[in-house]
Amino acid sequence: MPPADPSRLKFESQSVSAAFIEPSGNIAERIIQIRTNPITRRTCRISLSRIDEKEPGTESLPGPPPDADKTAQCPFCRPQVSSRTPRLHPDLSSDGRLTRGESLLFPNLFPYGSYSAVSLFDNIHFVEIGKASTKSYADSFINCSGYLARIKKRSPDTVYMAITQNHLPSAGGSLLHPHLQINADRLPANHQRILLKRANDFYQQNGSYLFSEYLEHEISAGDRYIGATGLWQWMAAFAPEGFFEIWGILPQKTSFQQVTAPDWKDLARGILKVQRFYRSLCRNGYNLGLLSVETPASRLELRIVIMVRSNYAAWVRSDHTGFEVILGDMTTFSAPEQTAEQARPFFSS
Ligand SMILES: [Zn+2]
């Protein structure tokens, strides 16, 4: 057999064990998997012995947050949204805001970059996980894409772009009202810089796209593959850096401007299926996001990442402990293969 090509993707998993005497007096051995992300080569840990542990706050789906009906105080609710939120620079929009269906897009009052904006889904102030409409999600994404197209035209060196969502304060959301966040800059964020280099180097060495090859491996392996919505292909992350982390890959599309309206709708359908899976686990918070580098030379394909965050409920512990913050290895409790098995039924209908 020819030696394995060291430049191709490697799905590496190693194990370490911890031995101790249980309080009962029995000798115990616990296995911890250490997996290496084939894309970034970062390691993560899966502490399988905690799989049966019930996280506090996940016994049932937590009820609505205390401000779920306080629409009068919300700056994103109508009619006050038009007076309490900022407007876009006239170079980007003569109207100051962009609309698509019920979605409204305007700048972030507290920006994180040169172009930092918020895209509302609609005028519904609180939406439980998995309960948004496909249309509202798709329209909000299309609104983001239109905004990013204007930036590309106005500021060609602003190539580092991202669309993200923080659902509920436990996921970093500061306002309850559902919205996507958009960021575009001429300087990359860490993940944009690292992923672009990896995708372009991979293409140069192998003549193929990095995420397409990852996807091909996962379809062939089968145990983490979940399903498809249109062209989007969904799978549990091999080396998760978040709980129940799921990826959706859009093969060989490297720019938001290559994504058609039906593609955005298919993405929204997939996201909602993942959310309904999370809801079945009695989880109410999540992060999701897509990033792109909008240059003709970029070989970085579009991939959405979705992960559960600690529930937004009283006295729930954070999912980021000293281990993640200080050592840099995310520790989760369930095998990605099990995540895929649990998520698949939500994609079969
Ligand atoms: Zn609101």
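Just above, that's the structure.
Residues numbered from 1 in each chain as written. Predicted model: local features only at pLDDT ≥ 70, side-chain atom pairs only at ≥ 80, totals over all residues. Heavy atoms only, no water.

**Structural notes on the packing of aromatic side chains**
Taken as a whole, this structure holds 15 aromatic pairs when the rule is applied. Considering the side-chain rings of F243 and F333, the 5.1 Å spacing of their centres and the 85° angle between planes classify their relative orientation as edge-to-face. With F243 in strand 11 (residues 243-250) and F333 in the loop between strand 14 (331-332) and helix 7 (336-347), this pair connects stretches of sequence that are 90 residues apart. With respect to class, F243 is no different from F333; both count as buried. Aromatic ring contacts, followed pair by pair, group F11, F211, Y214, F238 and W247 into a single cluster. One cation-aromatic arrangement involves K273 over F347; the distance from NZ or CZ to the ring centre is 6.0 Å. Lying over the aromatic face of F243, R283 brings its terminal NZ or CZ to 6.0 Å of the ring centre. (Phe/Tyr/Trp six-rings, centres within 6.5 Å; stacked < 30°, edge-to-face > 60°. Helix = DSSP H or I, 4+ residues; strand = E, 2+ residues; numbered from the N terminus. Buried < 20%, exposed > 50% of the residue type's maximum accessible area, 1.4 Å probe, protein only. Lys NZ or Arg CZ within 6 Å of the ring centre and 35° of its normal.)

**Notes on a nonpolar patch on the surface**
Taken together, the side chains of V325, I326 and L327 make up a nonpolar region of the molecular surface, amounting to roughly 350 Å² of accessible area. Within the secondary structure, V325 is located in helix 6 (residues 322-327). (Patch = residues over 30% accessible without salt bridge, like charges linked within 9 Å, V, L, I, M, F, W, Y side chains within 5 Å. Areas by Shrake-Rupley, 256 points an atom, 1.4 Å probe, with all protein chains shown as cover. Salt bridge = Lys/Arg side-chain N within 4 Å of Asp/Glu carboxyl O.)

**Digging into empty space enclosed by the protein**
Inspection of every chain in the model, using the stated rule, returns four cavities of 30 Å³ or more. When its volume is computed, the largest cavity comes out at roughly 60 Å³. In this structure, the largest cavity is lined by L61, P62, G63, P64, P65, F126, E128, I129, H167, L168 and N284. Considered class by class, the residues forming the lining of the largest cavity number seven nonpolar, three polar and one charged. Empty space within the second largest cavity amounts to approximately 50 Å³. Lining the second largest cavity are 13 residues, and of these V127, A132, H167, Q275 and Y286 lie nearest its centre. Of the residues belonging to the lining of the second largest cavity, the class tally is seven nonpolar, four polar and two charged. (1 Å grid on protein atoms, 1.4 Å probe; cavity = no way out; pocket = protein on both sides within 12 Å on 5 of 7 lines; lining within 4 Å. Points joined across faces, edges and corners; volume = space filled by probe spheres on them. Nonpolar A, V, L, I, M, F, W, Y, C, P; charged D, E, K, R; others polar.)

**A look at the nonpolar core**
Counting 54 residues, the largest nonpolar core has Y137, F141, Y147, W234 and Y278 as the members making the most contacts within it. Those residues in contact with Y147 that lie beyond four places of it in its chain are L88, L92, L98, L105, Y115, S116, A117 and I182. Membership of the second largest hydrophobic core comes to 26 residues, among which are C44, L196, F238 and V305. (Core = buried A, V, L, I, M, F, W, Y, C linked by side-chain atoms within 4.5 Å. Contact = heavy atoms within 4.5 Å.)

**Description of the coordination of the zinc ion**
In ideal tetrahedral geometry, four donors around a metal make angles of 109.5 degrees, whereas ideal octahedral geometry with six donors gives angles of 90 or 180 degrees. Listed as protein donors to the zinc ion are C74 (SG), C77 (SG), H125 (ND1) and H177 (ND1); their distances from the metal cover 2.1 to 2.4 Å. For the zinc ion, the four donor atoms are set out with angles of 101 to 120° between them, so the coordination reads as tetrahedral. (Donors = N, O, S within 2.8 Å, 3.2 Å for Na, K, Ca; no water. Tetrahedral: all angles 85-135°; square planar, octahedral: opposite > 155°, others 65-115°.)

**Looking at the layout of surface pockets**
What the second largest pocket holds in volume is close to 310 Å³. Those elements that provide at least two residues to the lining of the second largest pocket are strand 11 and helix 7. Tallied by class, residues from the lining of the second largest pocket come to six nonpolar, five polar and six charged.

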